[in-house]
Amino acid sequence: MSNSIFIIAHAPLAQALRDCALHVYPECAQSVIALDVMPHAQPEATLLAAQLALDNAPDEGLLVLTDIFGATPANVAQKLVAGSHAKLIAGVNLPMLFRTVCYRHESLDALVARALTGGTQGVMQVAVTAPQNQNRRTHDQNHRDHQQ
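Anyway, here's the lowdown on the structure attached to this text. Computed from a prediction, not measured in an experiment: that's the story for all the values here. Residue positions are given per chain, counting from 1 as you read along its sequence in written order. The predicted origin of the model limits local features to residues at a pLDDT of at least 70 and limits the giving and counting of side-chain atom pairs to 80 or more, whereas totals for whole chains, interfaces and linings rest on all residues. The side-chain quantities take in all heavy atoms of the structure and omit both hydrogens and water.

### Structural notes on the packing of helix α2 (residues 43–53) against helix α3 (residues 72–81)
Axis lines are fitted through C-alpha atoms, for helices just across the contact stretch, and the angle between N-to-C directions can take any value from 0 to 180 degrees. Secondary structure elements are taken from DSSP: a helix is a run of H or I of four residues or more, a strand is a run of E of two residues or more, and numbering for both begins at the N terminus. It is at 9 Å that the axes of α2 and α3 come closest, and there the two elements cross at 55 degrees. Between α2 and α3, the interaxial angle falls into the category oblique. For the crossing formed where α2 meets α3, the hand is right-handed. Where α2 abuts α3, its residues P43, T46, L47, A50 and Q51 lie against T72, V76, K79 and L80. Note on residue categories: nonpolar means Ala, Val, Leu, Ile, Met, Phe, Trp, Tyr, Cys or Pro, charged means Asp, Glu, Lys or Arg, and polar means any other residue, Gly included. Broken down by class, the residue content of the contact of α2 with α3 amounts to five nonpolar, three polar and one charged. Orientation labels follow simple angle bins: below 35 degrees gives roughly parallel, above 145 gives roughly antiparallel, 65 to 115 gives roughly perpendicular, and whatever is left gives oblique. By the definition used in this description, the sense in which the near helix is turned from the far one sets the handedness, with an anticlockwise turn below a right angle giving left-handed and a clockwise turn giving right-handed. Any two residues whose heavy atoms approach within 4.5 Å are treated as being in contact.

Structure, rendered in structure tokens:
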């Protein structure tokens, strides 16, 4: 069993995320589907395009990832998954997508949990300081600073 992952987002984000996933995980090409929603696209036409994009998807689990809750892609995605076994997550980011690709063979509920964990753990503040200002680890044997 392998879940399909459908990304529906404002153009060009959906296809760009899919391209990033395929760059790292080329074997997931059949499992990851993307639909870019253009700025003036009508919701009804977008829903039809989404349904067409999923015509060739396996009838197994479907996880839909969208960018912003309340925007057209998310609203269309809500209609798309209504009354189905599919799951929907808003706020897609690349760590979330990578996590879903890696664990797409798990149950759909487990995949949702993995996606949410990957998405939140992938967002962090990164402190950038010069090497000489960073705390030394006690197990460092070389106490000299190296610049690259």
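Here the narrative resumes.
### Regarding α2
Within α2 the residues assigned to the buried category are T46, L47 and A50. Here the buried residues of α2 occupy an arc of 100 degrees about the axis, which is enough to place them on one side. The exposed set on the far side of α2, more than 90 degrees from its buried face, consists of E44 and L52. Those residues of α2 that are buried lie in contact with β1 (4–10), β2 (32–37) and α3. Exposure is judged per residue with a 1.4 Å probe applied to protein chains only, and the accessible area is read against the type maximum: over 50% gives exposed, under 20% gives buried, and values in between give partly exposed. Comment: arc refers to directions from the helix axis out to C-beta atoms.

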